[in-house]
Amino acid sequence: MWDQQLIHTENGVFEVFTKGEGSPLCVTHLYSEYNANGSRFAEMFVPFYKVYLVNLRGCGKSTDDLTVFNYSMQDSVGDLEAIRKTLGHETWGFAGHSTGGMLALKYAILYPLSVEFIVAGGLCASSDYMQHPGSIYCKENPNNKRILEILAMLKDPASTVEQRQAGSKEWALMSLYKEQSFENMVSRPTSGKTVSKRLDYFSYEELPTFDLRPQLPNVKTRAFIYGGLYDAQCPYEYAVEAAQLLPNATLTTFSESNHHPCIEEEEKFAEFVREIFQGVPNS
C-alpha cells in the first residue's frame, strides 16, 4: 500500500501518496483520482525513486477550490510546483502517461529549472490525435460511437456499478494490443478512476486549442518519450513527433503494445525505467 499525505501548500491542500526511496519523482494524470492502491504505472518507478503520486485539484481529498485556480494544465503544473516547494525538493523528475504525458511536456515548458527529467508516453503534443482515424476519439474510428457512449455512462450518477465495470472493461480492451493482457491489467490492486469534471474541462475548454509543438524545440529538459506501436488512443506517430521536436529526447518503442506498455510489456517497461535511472544522476 501507498502512504497518504495531505500537503498544505500556498495553492491549497493536496492529497499525495508516496512509496519507495531515493531521488524524488512526481507522477500524476490530468483527470485520474488515486488512493492507497497506487497505480500500475507509478509502481514501475518505485524500485528506483521515492514516488509522489498526486491527486490534482478536484481529485480525492485534494482541494477543489476554483476561486483562483482551475483544472487547466497550466494551473495543474502550478499546483505541482507548489507541492514540490512545500516538500522541499529543489528539483524532481516527472513521469506521466497519456494526458499525464501531455502534462509532462507542459511542466518542462513552464518550469524547466524544476524538472530534472520527464518520462512521457501514450501522448500527443497537440489535439491532432482527435482527427486521426487510428484513434478511438476520432469520429472516423469504428469504435468512436461506442467510446462516447461509455464515457457518458461513466459520468452518469444513475449508472450501476455493474454498468461501470462492464464499460470500463470494454474501454480497456479497446486500448490493449492483446485481449489476454486484460487479465494482467486487473490482476493487482490499483487506482486511477476517471474524474469527469476534470475530463470535461480538458475536453471542452483546453483540447480544442491544445498545441505545444511550437514550444517543444526550446525545451532542454531530458525527455524519455515512449509509445506503443499500436496505440489506439494517441497513435504512435505522435510519440515520434514529440521525441523529434524535443532536442534532448530519446524514443523507446514498445512493439507489442497498444496504449498500456507498462502492462502489455511489463518486463521491457521495467528495463526501460531501469535504464532511465542508470542514466540520470541522483540529485
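Structure: see above.
The present account deals with the structure reproduced in this document. Source: prediction; values computed, not measured. (Residues numbered from 1 in each chain as written. Predicted model: local features only at pLDDT ≥ 70, side-chain atom pairs only at ≥ 80, totals over all residues. Heavy atoms only, no water.)

### Notes on the environment of Asp-65
The cut-off we apply is this: Helix and strand definitions follow DSSP, with helices as H or I runs of at least four residues and strands as E runs of at least two, each counted in order from the N terminus. We define a polar contact as two N or O atoms separated by no more than 3.5 Å, with the added condition that, inside protein, one atom must be a possible hydrogen donor and the other a possible acceptor, whereas residues neighbouring each other in sequence contribute only through side-chain atom pairs.
Examined against the element boundaries, Asp-65 turns out to sit in the loop between strand S5 (50–54) and helix H2 (73–87). On a C-alpha basis, the gap between Asp-65 and Asn-11 in space is 9.3 Å, while along the polypeptide they are 54 residues apart. Of the polar contacts made by the side chain of Asp-65, one reaches the side chain of Thr-67; its length is 2.8 Å.

### Quick notes on a nonpolar patch on the surface
The test is simple: Only residues above 30% relative accessible area that lack a salt bridge enter a patch, with like-charged residues linked at up to 9 Å and the nonpolar side chains Val, Leu, Ile, Met, Phe, Trp and Tyr linked at up to 5 Å. Residue burial considers only the protein chains on display, and all accessible areas are found by Shrake-Rupley using a 1.4 Å probe. Every case where a carboxyl oxygen of Asp or Glu lies within 4 Å of a side-chain nitrogen of Lys or Arg is listed as a salt bridge.
Taken together, the side chains of Tyr-177, Leu-229 and Tyr-230 make up a nonpolar region of the molecular surface, amounting to roughly 270 Å² of accessible area. With respect to the helices, strands and loops of the structure, Leu-229 is situated in the loop between strand S9 (222–228) and helix H8 (236–245).

### A look at the side chain of Asn-11
We count it as follows: By definition, residues are in contact when any of their heavy atoms lie within 4.5 Å.
Among the structural elements, Asn-11 can be located in the loop between strand S1 (3–9) and strand S2 (12–19). A distance of 2.9 Å separates the side chain of Asn-11 from the side chain of Asp-79, its partner in a polar contact. If we skip the residues at most four places from it in the chain, Asn-11 touches Arg-57, Thr-63, Phe-69, Gly-78, Asp-79 and Ala-82.

### What to know about the environment of Thr-253
As for its placement among the helices and strands, Thr-253 is situated in strand S10 (residues 249–254). In this structure Thr-253 touches Gly-227, Leu-229, Tyr-236 and Lys-268, once residues within four positions along its chain are discounted. Only 2.5 Å separates the side chain of Thr-253 from the side chain of Tyr-236, close enough to count as a polar contact.

### What to know about the pairing of S9
Note the cut-off: Relative accessible area decides the class of each residue, using a 1.4 Å probe on protein chains only: under 20% of the type maximum gives buried, over 50% gives exposed, and in between gives partly exposed. If DSSP finds at least two bridges between two strands, the strands pair. Handedness rule for crossovers: strands pointing away from the viewer, path from the first strand over the helix to the second running clockwise, crossover right-handed.
Of all 7 residues that make up S9, 6 are buried, and the element is covered over most of its length. The sheet contact formed by strand S7 (residues 115–121) and S9 spans 5 bridges and is parallel. Looking at the pairing, Ala-120 lines up with Ile-225 of S9. Where S9 and S10 come together, 6 bridges link them in parallel fashion. Looking at S10, one finds that Ile-225 is bridged to Leu-251. Crossover connection from S9 via H8 to parallel S10: handedness right-handed.

### Here's the deal with the side chain of Glu-265
Operational definition: Two residue types count as positive, namely Lys and Arg, and two as negative, namely Asp and Glu; His and chain ends fall outside the count.
Among the structural elements, Glu-265 can be located in the loop between helix H9 (261–264) and helix H10 (266–279). One buried charged residue, Glu-265, remains without a salt bridge, the closest side chain of opposite sign being Lys-268 at 4.3 Å.

### A few points about the nonpolar core
Quick note on the threshold: Throughout this description, the term nonpolar core refers to a set of buried Ala, Val, Leu, Ile, Met, Phe, Trp, Tyr and Cys residues connected via side-chain atoms within 4.5 Å.
Leu-80, Phe-94, Met-102 and Tyr-129 are the most contacted members of the largest nonpolar core, which totals 52 residues. The contact partners of Phe-94, leaving out residues within four places of it in the chain, are Leu-25, Cys-26, Thr-28, Leu-80, Gly-100, Leu-103, Ala-104, Tyr-107, Val-115, Phe-117, Ile-118 and Val-119. Among the nonpolar cores identified, the runner-up in size contains 30 residues, and Tyr-34, Ala-42, Val-46 and Ile-276 belong to it.

### Quick look at helix H5 (residues 161–174)
Our working definition: Working rule for helices: expected span equals 1.5 Å times residues minus one. Within this analysis, the arc is defined by the directions that extend from the helix axis to the C-beta atoms.
Taking 1.5 Å per residue as the helical rise, H5 with its 14 residues ought to reach 20 Å, and the 20 Å between its terminal C-alpha atoms agrees with that figure. Within H5, burial applies to Gly-167, Trp-171, Ala-172 and Met-174. Angular distribution of buried residues about the axis of H5 spans 155°; they occupy a single face of the element. More than 90 degrees from the buried face of H5, the exposed residues found are Val-161, Glu-162 and Gln-165. At its buried positions, H5 is contacted by helix H4 (144–154), helix H6 (181–185) and strand S8 (193–194).

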